[in-house]
Amino acid sequence: MDKKSRRGFATRAIHTGERLPAGDFTPVVGPIHPSVGYTYERAADLDAVLGGEKEGFVYSSRYHNPTTAALEQAVADLEGGEAAHAFASGMAALHLAFLAAGVRAGSRVVAAADIYGATYSMLLNLLSELGVDVTFVSITDLGQVAAALAAGPAAVLFAETLSNPLLRTADLPALAELAHAAGALFLVDNTFCSPYLCNPLAHGADLVVHSATKFISGHGDVMAGVVVGSREMRSRLDALNRLVGSSVGPFESWLALRGLKTLPLRMVRQSASALALAEWLQSHPRIDCVYYPYLPENPQLELTRRLTENRGGGSVLSFEIRGADRSAVFRFLEGLELIQPATTLGDLYSLVLYPAISSHRALTPEARAAVGIGENLVRLSVGIEDLEDIQADLEQALAKG
Ligand code: PLP
């Protein structure tokens, strides 16, 4: 292990990917490279770069861009992977990760049912229509996962480390073992944890995906996605992206890299505030049920603490408003004065989302009910504002809901 890789997470979050050689001077903050084309004095060098025998840049993002390379280097380092590939969004990253993992017509995918709605729809609609056989399972039921994997050869087992929106924890080491014993690759969406709380590759995952739109950028102003894995996986992703062009631009890469530097600070603060609010909401007379991984009552607490190395449970919690129908939830959302009712998470800002009309809208009411997403469920991503102000806003809006 070299000196740089022994450095702490916060140090690496700030420095990795920066100060890549740029001539005979080196800016402290890496530049944005908007250029599409890159020239070489010797045509043989251009030929070698195009042929993959030499590292370099010839054509921007659909191939490779220096600013995006800096982001990829940083995320790969923080996830403990050999290499990473950035994309235009988390969904683009997921799509290409499934393809790079070998999912094709005739393949099988075994996937957690309690996942982000668009991922569920991509598997159920897009990939199924293309001839992929998708089996959804309750990811916390290892017997059910094993049975699904035993039912026929599977290319991929897929799970979210902490699920969206019910915050169920995937037992990554046990799932990796089941996947590998069945000859499948284990693909993990680690968006809700960010690389700060958990590194799934260290627990046996083969590929890790992030919606970098969320915690990695952290400021609600970028859409991006990243896949982390082996160098060989990166080459496959690279070859696929040259054909489909799901590229992230250099300006977005730069913003994501800038946001990444404060990830540890944000995660510590957001996790502490989220736990305090989850505990407060639990005893609130208008609340039926609170889902947060670090609550003492969570039967998965010990597992979650182990996977997150006691660093925290993240910024996201979900809760059910007692007896609320859709119009009562709407009144609650409209009553909020500080917290933004916006369809995202992981920002500096506190944000609420109503899964039934947004993240999980594409699911039928029956499919939502089957995974436990009720009509009265609200998801909150706690920002870095003063805790007292977030709590006061929830209190006054609950009185209206
Ligand atoms: N994965 C998870 C867990 C998400 O919550 C989201 C979006 O909310 C995505 C993936 C998709 O990310 P993006 O919106 O950047 O495409």
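These figures come from a predicted structure and were not determined experimentally.

Student: A description of the overall build of the protein chain should follow, citing residues and the corresponding values.
Tutor: The secondary structure content of the protein chain amounts to 15 helices and 11 strands. For the protein chain, the C-alpha atoms occupy an extent of roughly 75 × 50 × 35 Å along the three principal directions. Of all 401 residues assigned to the protein chain, the portion counted as buried reaches 54%. Once local pairs closer than 6 in sequence are excluded, the contacts in the protein chain between residues at least 24 apart make up 72%. Carbon and sulfur atoms make up 55% of the accessible area of the protein chain, which totals about 16,700 Å². The positive charge centre, built from 32 side chains, and the negative charge centre, built from 43, are 3 Å apart in the protein chain.

Student: I'd like to hear about the nonpolar core, residue by residue, with values.
Tutor: Counting residues in hydrophobic clusters, the biggest one holds 87 residues, and the most contacted among them are F98, L123, V156, L157, F158 and F186. Residue contacts for F158: discarding those within four places in its chain leaves L94, F98, V110, A111, A112, I115, T119, L123, I139, L187 and D189. W280, Y292, L301 and I321 belong to the second-largest nonpolar core, a separate cluster that totals 31 residues.

Student: Help me get a handle on the sheet that holds strand β8 (residues 287-291), residues and values and all.
Tutor: Read from one edge to the other, the open sheet built from 4 strands follows the order β8-β9-β11-β10, with strand pairing classed as antiparallel. Pairing within the sheet leaves two strands with one partner each, and these edge strands are β8 and β10 (351-353). In this sheet, adjacent strand axes meet at a mean angle of 25° when their direction is disregarded. Set on the sheet, helix α11 (residues 263-282) makes contact with β8, β9 (316-321) and β11 (377-381); between it and β9 the angle comes to about 15°.

Student: Please give an account of empty space enclosed by the protein that cites residues and values.
Tutor: Scanning the entire structure with this criterion turns up 1 cavity of 30 Å³ or more. Estimated volume of the largest cavity: approximately 50 Å³. Lining the largest cavity we find S61, Y63, H64, N65, T68, E72, H85, A86, R234, S247 and V248.

Student: So what's going on with helix α13 (residues 326-335)? Residues and values would help.
Tutor: Those residues of α13 that sit buried are A328, V329, F332, L333 and G335. When α13 is viewed along its axis, its buried side chains cluster within an angular range of 165° and face the same direction.

Student: Let's hear about the pairing of strand β6 (residues 207-211): which residues, and what values?
Tutor: β6 sits mainly inside the fold: 5 of its 5 residues count as buried. Residues of β6 alternate between two faces, with L207, V209 and S211 on one and V208 and H210 on the opposite face, all of them buried. Note that strand β5 (residues 185-189) and β6 share 3 bridges and pair parallel. Across the sheet, V188 pairs through a bridge with V208, a residue of β6. Where β6 lies against strand β7 (residues 225-229), 4 bridges are found, and the strand directions are antiparallel. In the sheet register, S211 faces β7, and the bridge partner there is G225.

Student: Tell me about helix α9 (residues 231-244), and name the residues and values.
Tutor: Spanning 14 residues, α9 covers 20 Å between terminal C-alpha atoms, matching the ideal 20 Å at 1.5 Å per step. Regarding α9, the residues found buried are M233, R234, L237, D238, L240 and N241. Looking one or two residues beyond α9, the residue adopting positive phi is G245, at roughly 65°.

Student: Explain the site of the ligand to me, and be specific about the residues and the numbers.
Tutor: Neighbouring the ligand are 16 residues, the closest being G90, M91, D189, S211 and T213. Within the backbone of M91, a nitrogen or oxygen atom sits 2.9 Å from an oxygen atom of the ligand. Contact distances for the ligand include 3.3 Å between an oxygen atom and a side-chain N or O atom of K214. The protein chains hide 93% of the 390 Å² of surface that the ligand would expose on its own. Looking at which element gives the most residues to the shell around the ligand, the answer is helix α4 (residues 90-100), with 3 residues.

Student: Describe unusual backbone geometry, and please don't skip the residues or the numbers.
Tutor: Geometrically, the link from N164 to P165 is a cis peptide bond, its omega value of 10° lying close to zero. Tracing the chain through its elements places P165 in the loop between β4 (156-160) and α7 (172-181). Although it is not a glycine, S194 sits at a positive phi angle of roughly 65°. Secondary-structure assignment places S194 in helix α8 (residues 194-197). On the basis of relative accessibility, which here comes to 0%, the residue S194 falls in the buried class. The phi angle at E309 is positive, at roughly 50°, despite the residue not being glycine.

Student: Run through the environment of Q270, naming residues and quoting values.
Tutor: You can see Q270 is positioned in helix α11. As a C-alpha pair, Q270 and G259 span 11 residues in sequence and 15 Å in three-dimensional space. Those residues within four positions of Q270 in sequence are excluded, and the remaining contacts are F215, G314, S315, G346, D347, V382, G383 and I384. Engagement of the side chain of Q270 in a polar contact is seen with the backbone oxygen of D347, the distance being 3.0 Å.

Criteria and thresholds
- Residues numbered from 1 in each chain as written.
- Predicted model: local features only at pLDDT ≥ 70, side-chain atom pairs only at ≥ 80, totals over all residues.
- Heavy atoms only, no water.
- Helix = DSSP H or I, 4+ residues; strand = E, 2+ residues; numbered from the N terminus.
- Buried < 20%, exposed > 50% of the residue type's maximum accessible area, 1.4 Å probe, protein only.
- Contact = heavy atoms within 4.5 Å.
- Areas by Shrake-Rupley, 256 points an atom, 1.4 Å probe, with all protein chains shown as cover.
- Lys, Arg positive; Asp, Glu negative; His and termini not counted.
- Charge placed at Lys NZ, Arg CZ, Asp CG, Glu CD.
- Core = buried A, V, L, I, M, F, W, Y, C linked by side-chain atoms within 4.5 Å.
- Pairing = 2+ DSSP bridges.
- Axes fitted to C-alpha atoms, helices over the stretch in contact; angles between N-to-C directions.
- 1 Å grid on protein atoms, 1.4 Å probe; cavity = no way out; pocket = protein on both sides within 12 Å on 5 of 7 lines; lining within 4 Å.
- Points joined across faces, edges and corners; volume = space filled by probe spheres on them.
- Arc of directions from axis to C-beta.
- Expected span 1.5 Å × (residues − 1).
- Near = heavy atom within 4 Å.
- Polar contact = N/O pair within 3.5 Å; in protein donor to acceptor, adjacent residues only side chain to side chain.

Remember, this is a structural readout, not a statement about activity or role.
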